[in-house]
Amino acid sequence: MSAANNSQWLQAAFNDPVLDAQTSFRSALKALAEPGLAQPLNRALALGNLHPATYALCLAFLDGDTPLWLAPCFDTPAIRANLSFHCGCPVVAEREEALFALLDEAGADDLSAFDNGSERYPDQSCTLLIQLDTLTGGEQLRWRGPGIKDVRAVELPLRPRFWQQRQARSAFPRGLDAFFAAGEQVIGLPRSTHVLLNAEEAA
Amino acid sequence: MNTNEIYTRSEPASVVGGRSAGSGMYDVVHEDAEHRPYANQAGAVACEVGYNFAYLDEQTKRMIRRGLLKAVAVPGYQVPFGGREMPLPYGWGTGGMQLTAAILGADDVLKVIDQGADDTTNAVSIRRFFARTAGVKTTTRTPEATVIQTRHRIPETPLTNDQIMVYQVPIPEPLRFIEPSETETRTMHALEDYGVMHVKLYEDIATFGHIATSYAYPVTVDERYVMDPSPIPKFDNPKLHMSPALMLFGAGREKRLYAVPPFTRVVSLDFDDHPFAIQSWDECCAFCGSRESYLDELIIDDAGSKRFVCSDTDYCMQRRDAEEEGAQ
C-alpha cells in the first residue's frame, strides 16, 4: 500500500469535530469517574471493525502527541489511514512507547510491557481502549473504589486472564486505566478501582 | 491534519440535541445578554466570532482532557499540564477556566462563584467570558447549573451527580510551604511521606493550643494522596467527602490539575486528641437567618458594630425567596 492511494480508505469522522469531541470526552470522563456504569457514546460511525464507541474514543483522545499501539486485528489499512488522517497519531510497534493501546478481547489477555507509569509520574501511563462485543453477560464481579458509592456489580465478558494481568501490572498509584467500548456504550475502569475477584475477597 | 478550524456558531440548539440528563429546560438567567455584541433581538445566545468554541483550541483541550482522565484515575495526584495563557492574569482563575473550557459543552449551564458570591468581579467576568466565547447558558442558581466554577467556596445547596465542580487553585502543592523543591515534594508524594504535614498542624497546637489552619486545610484522598482542597474554608471540607459531584481542580500558574471523583473518601488531617472541627458561629445570617451556612462578618458602622451574612449569596437568596413565598 503506497501513501498515494491511502485516501481511498478515508471515511467521515465526527460530524462536528468540536462539539462531538466534547460530548464524547464528557461520556468518557463520566465513565471513568463512575467505574462500571455504562455511558452512551454515539457521535461517530463504525469504522471497519471498530465500533462507534471505540472510534469515538479514538477521535476524542488521539492526536500527534499520543503514540498508539494497535492490536493485530485493528491493524488494517482503513483504520491506519483514518486514524492518521483524522487524529494524526503515530502508530508504534513497541508497546513501551504507547500512550494509548487499542485492544480487542483477545488482546486484553496480554497487558505485558504497556507503560504503567512511575511512582513519581503515575499519570505517564498507557490508557487501554478495549473493544468488546458487549458490555454485559460475563461473570459478575464486584467493583469498589472512588466513584462507586458502595459496591457495584459489573458483568464485563472478560476472561480471568485479563484480571490476573491487570493485577500484575497494578501497584497503586502505578497501573493501567481502561475503557471498555461496545456498540455505542463505554465503561471505564481506572486503576483506583478494586475488583473483588472471588468469594473469599468479597466476604 | 487536525480539524480544529476556527469554530463559530450562532444557534447552539441546531448543533446538538438535548442532553439526556434530567435537567432540561430551566428558566435560565441571561444577565449578560446586553453585553453580547452579536446577540440578536430574539434573545438567542450568540457568541464572539474568531474564537474556537470556549476559547481554547482543540489541541489544547485534548491535552487537558487527557490530563483530566489521569487525574480522575489517580484521585488527589497533581497531573502536570501545558497551561496556556488566558486573557486575564494568573490568580484570577486561569487554571479553573482552562478546565472549564475543556469540559464545557453547548448544552451545559454554567455557574461561577467567587468566595460564595455570584456578583463579584471575578465571577461576573468569567461567566461573561464563557457566555461570549461558548454561547452557553449561565445561571446563578446552584440546582440549575451543570458546571460550577468556584473560587474558594463549595455551595451550601447539596450538589448532585450531574454536576461538575471546577476549583480555581493558587498553589496546588500542600507540601510547598514546608518543602520548596518540586523534586522533593514529588518524591514525598511517591513515598507517601506525609509526616511533615502533621508536624505543621502540631506546630499550630504548640503555638495556639488548637489547629489554627482555617482554609486550604489539607485532606487525604482515598487513603493515599494528601491534597490541597484549594483555599476553601475548612467549613467546606466535609462537603468533599463522598460528594456525588465530580470535583476538578486547576492551577494555572503552577500548571497542575487534579481531581476527586464522586463518592470518594476525603478525610481532613487531624490528631486523636485534636479532632478536625469546622467553624461555627453564635450568630445567624442577618438576611435569611440561616444557622447552617458559612457566615461572612460585616462591619456596618464607625463604632465597629458587626453583622453576619451568608457567604453563599444564592443560598441566602433562595431562603429569603422561600420565606417570602411562605409569608404570602
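Being a predicted model, the structure only gives us computed values, none of them experimental.

Undergrad: Explanation requested: helix α3 (residues 77–86) of chain A in the structure shown.
TA: The periodicity of an α-helix, 3.6 residues per turn, causes residues three or four positions apart to be oriented the same way. All names here are of chain A. Taken residue by residue, α3 has Ala 78, Ile 79, Ala 81, Asn 82, Leu 83 and His 86 as its buried positions. Each element contacted by the buried residues of α3 is listed here: α2 (52–61) and β2 (68–70). Count one or two residues on from α3 and you reach Gly 88, which has phi positive near 75°.

Undergrad: I'm lost on the packing of aromatic side chains in this one. Help?
TA: Given two aromatic rings, their pairing is described by the distance between the two centres and the angle made by the two planes. One pass over the structure, following the stated rule, counts 16 aromatic pairs over all chains. Centroid distance Tyr217(B) to Phe276(B): 4.9 Å. Interplanar angle 65°. Geometry classified as edge-to-face. A residue pair is termed long-range when its members are at least 10 positions apart, and Tyr217(B) in the loop between α5 (195–208) and β6 (219–221) and Phe276(B) in the loop between β10 (266–268) and β11 (295–299) qualify at 59 residues. Ring-pair connections join several aromatic residues into one group, and the members of that group are Trp143(A), Phe162(A), Trp163(A) and Phe180(A).

Undergrad: Help me out: how do you make sense of the sheet that holds strand β3 (residues 100–103) of chain A in this one?
TA: Pairing between sheet strands relies on hydrogen bonds along the backbone, with the strands arranged either parallel or antiparallel. Residues and elements named next belong to chain A. With respect to topology, 6 strands assemble into an open sheet ordered β1-β8-β7-β4-β3-β2, the strand pairing being mixed. On the outer flanks of this sheet lie β1 (39–40) and β2, each paired with one strand and no other. As defined by bridge partners, β2 adjoins β3 across 3 bridges and the pair is classed as parallel. The residue of β3 that forms the bridge with Leu 70 is Leu 102. In this fold α2 packs onto β3, β4 (127–131), β7 (177–182) and β8 (185–189), with an angle of close to 135° to the strand it touches most, β7.

Undergrad: For this particular structure, what's the right way to read the pattern of salt bridges?
TA: Close approach of charged atoms lets side chains of opposite charge pair. In this structure the tally under the stated criterion is 25 salt bridges over all chains. A salt bridge links Asp20(A) to Arg43(A); the shortest N-O distance between them is 3.0 Å. One end of the pair, Asp20(A), is in helix α1 (residues 17–33); the other, Arg43(A), is in the loop between β1 and α2, with 23 residues separating them in the sequence. Asp108(B) is paired through a salt bridge with Arg26(A); the nearest N and O atoms lie 2.7 Å apart. Residue Asp108(B) is located in the loop between α2 (94–103) and β2 (109–114), and its partner Arg26(A) is located in helix α1; the two belong to separate chains. Given a relative accessible area of 3%, Asp108(B) falls into the buried group.

Undergrad: Even after reading the chapter, I still don't get the sheet that holds β6(B), so can you show me in this structure?
TA: All names here are of chain B. With antiparallel pairing, 3 strands are arranged side by side in an open sheet as β7-β6-β10. Either end of the sheet is taken by a strand with one partner, and the two such strands are β7 (225–227) and β10. Taking each pair of neighbouring strands and ignoring which way they run, the sheet shows an average axis angle of 30°. Judged from the 3 bridges that link them, β6 and β7 form a sheet pairing that is antiparallel. Residue pairing for β7: Val 219 is matched across the bridge by Met 227.

Undergrad: What am I meant to see in the domain arrangement of chain B here?
TA: Where interface size is quoted, it is often the accessible area lost as the parts come together. All names here are of chain B. Domain annotation of chain B identifies domain 1 (42–172 + 221–267) and domain 2 (280–328). Using only C-alpha atoms to locate each centre, domain 1 and domain 2 end up separated by 27 Å. In this complex, domain 1 contributes 15 residues to the contact, which on the side of domain 2 involves 10 residues. Taking both partners together, domain 1 and domain 2 bury about 980 Å²; carbon and sulfur atoms supply 47% of that area. Run the count over domain 1 and domain 2 and you get 0 salt bridges. Taken together, domain 1 and domain 2 are joined by 7 residue pairs in polar contact (both at pLDDT 80 or more). Each residue belonging to the side of domain 1 that touches domain 2 can be placed in one class, and the counts come to 5 nonpolar, 5 polar and 5 charged.

Quick notes on the rules
- Residues numbered from 1 in each chain as written.
- Chains lettered and ligands numbered in written order.
- Predicted model: local features only at pLDDT ≥ 70, side-chain atom pairs only at ≥ 80, totals over all residues.
- Heavy atoms only, no water.
- Buried < 20%, exposed > 50% of the residue type's maximum accessible area, 1.4 Å probe, protein only.
- Helix = DSSP H or I, 4+ residues; strand = E, 2+ residues; numbered from the N terminus.
- Contact = heavy atoms within 4.5 Å.
- Phe/Tyr/Trp six-rings, centres within 6.5 Å; stacked < 30°, edge-to-face > 60°.
- Pairing = 2+ DSSP bridges.
- Axes fitted to C-alpha atoms, helices over the stretch in contact; angles between N-to-C directions.
- Salt bridge = Lys/Arg side-chain N within 4 Å of Asp/Glu carboxyl O.
- Domains from an automatic or database assignment.
- Buried area = accessible area lost by both parts, 1.4 Å probe.
- Polar contact = N/O pair within 3.5 Å; in protein donor to acceptor, adjacent residues only side chain to side chain.
- Nonpolar A, V, L, I, M, F, W, Y, C, P; charged D, E, K, R; others polar.

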